[in-house]
Amino acid sequence: MNISKTQRRRAAAAVSIAAVLALTATACGDDGSSSGDEGSGKGEITFWDNNGGPRTAVWTEIIKDFEKKNPDIKVKYVPIPIADVQSKYDTAIAGGGLPDVGGVGTAYLSNIVAQDALEPVGDRIKDSSLNGKLVEGMVASVKDAGGRGDEMYTVPTSANNGALWYRTDLFKAAGLDAPTTWADFYKAADKLTDTKNNKFGFTIRGGAGSIAPAIDAAYGQSGITEFWNGDRTTLNDPKNVAALEKYAALYKKTTPAADVNNDFTKMVAQWDSGTIGMLSHNLGSYQDHLKALGKDEFAGIPNPIGDSGTRVQVSNPVDGLGLFKSSKNKTAAWKFIEFAASHESNSKWNESAGAIPANTDAAKDPWISAAAPTELAAKSLTDGSTKIVQLPYYLPDWNNISKADNEPEFQKVLLGKTTAKAFLDKMADELNKAQAEWKQQSKS
């Protein structure tokens, strides 16, 4: 019998969860001190940046500030490309070499927690200057993604949000209204396309990272607000299938042919070149657009509003900083996490990234109102105008199912080699099995 990669990973994750639960049951609240050490609070610690490259400059500045305030601690900075983060952590967990501190997003948090590699940080937060200073919604997301009740395994630092970026200059020249509804979005995609002159209304993500925006477009149009209906996902609901069919049909009709292989870097660069009307990407590309186009030639809004009159979006991962159990200097590592999540540092990082701060004081800083897309996103998540479909980040295999395992399948949809229904049915089947296995292991 052939066993797929996904099945092998699920089996490994299940073993890990079972082992951890068994240890938890017998350890009587073991806080992780049996591995690693609190250390002296001095010396060198290693920090893995989970978005090395785009965020290297701001982390370099924060580390410099930290070392100036804590001259007895040196931070070894290691930039990890965002596409390689989970595999790097998995390799280090299996073979050693984990950092003291690492950037850990909720999309792959449960996978690391299942392998018992992270130190719980709830009690440390309560005894620190961060107590009561973290956005409640992000704290809840981190707890949910960890899959261990109220325990926290990362300190949240930022939240992202999907945005529909559009060229205000091109829209004005074409006499188009802002694409605030899906009907306006499709109308603009068509009107702004002139293939003979290499002009397109939209750029669709077909390369690495393509699944999240595709799912977002499906739920955004269908108006479905729950990811689960009992123990089965709504992902392949007929309304989502019809929505994805319409969205994927834009490929090569109102988008460049190169989109089928484009990741976010190529897609953003292509949009910033000035010949494409709209781009679906998160707030992280705000600074790129600002540098390329200037503030007067583009704007960003949350997902368009559906036919029901409600804006629906899928949840975005919350980024955070994890303290690894194997650290030999947890005291110094925690000092760095506390500093990085403090008002000044958290504000500095999120302003650079265009993201939503996790520190409640940083979330009130003036730069947010000056960055209109970030301000709109923050309001849409807090004023009740947006329904959020909570994705199951707590499933240890979520990141694999929603990325590498099915990205080639979505490319087939764009190329007409498979249907939107077959694509969503495949993912739904994998998610239903992963959910059933997670529930079974949680009861063990």
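A short tour of the structure in this document, coming up. Quick caveat, the model's predicted, so the values are computed rather than measured. (Residues numbered from 1 in each chain as written. Predicted model: local features only at pLDDT ≥ 70, side-chain atom pairs only at ≥ 80, totals over all residues. Heavy atoms only, no water.)

**Some details on the packing of aromatic side chains**
For the coordinates displayed, the defined rule picks out 25 aromatic pairs. Centroid distance Phe-202 to Tyr-247: 6.0 Å. Interplanar angle 65°. Geometry classified as edge-to-face. On the criterion of sequence distance, the pair formed by Phe-202 in strand E6 (residues 200-203) and Tyr-247 in helix H10 (residues 238-248) is long-range, its members being 45 residues apart. As far as burial versus exposure is concerned, Phe-202 and Tyr-247 are alike and both buried. (Phe/Tyr/Trp six-rings, centres within 6.5 Å; stacked < 30°, edge-to-face > 60°. Helix = DSSP H or I, 4+ residues; strand = E, 2+ residues; numbered from the N terminus. Buried < 20%, exposed > 50% of the residue type's maximum accessible area, 1.4 Å probe, protein only.)

**Here's the deal with the pattern of salt bridges**
Taken as a whole and assessed by the stated rule, the structure comprises 14 salt bridges. Of the charged contacts, one joins Asp-425 and Lys-421 as a salt bridge, the two residues approaching to 2.8 Å between their closest N and O atoms. Of this pair, Asp-425 and Lys-421 both sit in helix H19 (residues 420-443), four residues apart, which is roughly one turn of that helix. (Salt bridge = Lys/Arg side-chain N within 4 Å of Asp/Glu carboxyl O.)

**Overview of the sheet that holds E6**
In space, the four strands of this open sheet follow the order E6-E9-E5-E10, with mixed pairing throughout. One side of each edge strand has no neighbouring strand; the edge strands of this open sheet are E6 and strand E10 (299-301). For this sheet the average axis-to-axis angle between neighbouring strands, irrespective of direction, equals 20°. Note: strand E5 (residues 162-166) against strand E9 (residues 276-282), five bridges, orientation antiparallel. Bridged to Trp-165 within E9 is Leu-279. Strands E5, E6 and E9 of the sheet are contacted by helix H11 (residues 264-272), whose axis makes an angle of about 145° with E9. (Pairing = 2+ DSSP bridges. Axes fitted to C-alpha atoms, helices over the stretch in contact; angles between N-to-C directions. Contact = heavy atoms within 4.5 Å.)

**Examining the packing of H11 against helix H12 (residues 286-293)**
Closest axis-to-axis distance for the H11/H12 pair is 10 Å, and the angle between their directions is 30°. Of the possible angle classes, the one that applies to H11 and H12 is roughly parallel. In this structure, H11 crosses over H12, and the sense of that crossing is right-handed. Facing H11, whose interface residues are Val-268, Trp-271 and Asp-272, H12 presents Asp-288, His-289, Ala-292 and Leu-293. Class assignment for the residues of the contact of H11 with H12 results in four nonpolar, one polar and two charged. (Parallel < 35°, antiparallel > 145°, perpendicular 65-115°, else oblique. Left-handed = near helix turned anticlockwise from the far one by under 90°. Nonpolar A, V, L, I, M, F, W, Y, C, P; charged D, E, K, R; others polar.)

**Here's the deal with the side chain of Ser-315**
Within the element layout of this structure, Ser-315 appears in the loop between strand E11 (311-314) and strand E12 (318-323). Exposure remark for Ser-315: the relative accessible area of 8% places this residue in the buried category. Within the structure, the side chain of Ser-315 is placed 3.0 Å from the backbone nitrogen of Leu-391, a separation counted as a polar contact. Discounting residues that sit within four places of it in the chain, Ser-315 has contacts with Ile-388, Val-389, Gln-390, Leu-391 and Tyr-393. (Polar contact = N/O pair within 3.5 Å; in protein donor to acceptor, adjacent residues only side chain to side chain.)

**Looking at the sheet that holds strand E1 (residues 43-49)**
Overall, mixed pairing links the six strands, which are arranged E2-E1-E3-E12-E4-E13 in an open sheet. Strands with a single pairing partner mark the edges of an open sheet, and in this sheet they are strand E2 (73-79) and strand E13 (356-357). Here four bridges tie strand E4 (residues 155-159) to E12, and the two strands are oriented antiparallel to one another. For Pro-156, the partnering residue across the bridge sits in E12 and is Gly-320. Contacts from helix H2 (residues 56-69) reach E1, E2 and E12 within the one sheet, and its direction differs from that of E2 by about 170°. Against the sheet, helix H14 (residues 343-353) touches E4, E12 and E13, its axis set at about 35° to E4.

**Concerning the packing of helix H18 (residues 407-415) against H19**
One can describe the packing of H18 onto H19 by two numbers: an axis separation of 9 Å at closest approach and a directional angle of 165°. Comparing their axes, H19 and H18 come out roughly antiparallel. Relative to H19, the crossing made by H18 is left-handed. Contacts between H18 and H19 involve Glu-409, Phe-410 and Val-413 from the first element and Ala-420, Phe-423 and Lys-426 from the second. For the contact of H18 with H19, a count of residues per class yields four nonpolar, no polar and two charged.

Everything listed is a geometric property; what it means functionally is a separate question.
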